[in-house]
Amino acid sequence: MTRADTKTKDPSWQLQEAKSRLSQVVDHALREGPQTITLRGKPAVVVVSFEEFQNLTRPSTSLREFFRQSPLYDTELDLERGNNVSRNFPMCFS
C-alpha cells in the first residue's frame, strides 16, 4: 500500500513513489514539514523546505560569540614567531 492509497499525513514516501510524485513531495515538505523517503523500507533521506534547511544549518551563535565562549578566551597566547626558526623541506626541481 502506498502513501497515495492511504491518504494519510504520514510524512514518509517509498523511493519509487517519491520519484513519480516529486512535485507532491516538495509541496508537502513546504506545507506540512519534513518528508522522509525510504529505500528498501528504511529511512534514507529527508526533504525539507529551504527555509527549514537554513534554520537547521545556521550556527546558533556568531563566530565572535563562539570564541568569546571558549574556555581559552582569557588565556594569553604567544603568537610571535622567532627570527631564528627555519624550516627544512626538500626542494624538487624538474
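**Some remarks on the sheet that holds strand S2 (residues 35-39)**
Point 1. The sheet built from three strands is open, its strands ordered S1-S2-S3 with mixed pairing. Whereas interior strands pair on both sides, the edge strands pair on one side only; in this sheet they are strand S1 (12-14) and strand S3 (42-47). Direction aside, the axes of adjacent strands within the sheet are offset by 35 degrees on average.
Point 2. Here S1 runs beside S2; their pairing, made up of three bridges, is parallel. Paired with glutamine 14 across the two strands is threonine 38, which belongs to S2.

**Brief notes about the environment of isoleucine 37**
Point 1. Its location among the elements puts isoleucine 37 in strand S2.
Point 2. On a C-alpha basis, the gap between isoleucine 37 and alanine 18 in space is 6.9 Å, while along the polypeptide they are 19 residues apart.
Point 3. With residues near it in sequence (within four places) discarded, isoleucine 37 still touches Trp13, Gln14, Leu15, Ala18, Lys42, Pro43, Ala44, Val45 and Val47.

Rules of the game
Residues numbered from 1 in each chain as written. Predicted model: local features only at pLDDT ≥ 70, side-chain atom pairs only at ≥ 80, totals over all residues. Heavy atoms only, no water. Pairing = 2+ DSSP bridges. Helix = DSSP H or I, 4+ residues; strand = E, 2+ residues; numbered from the N terminus. Axes fitted to C-alpha atoms, helices over the stretch in contact; angles between N-to-C directions. Contact = heavy atoms within 4.5 Å.

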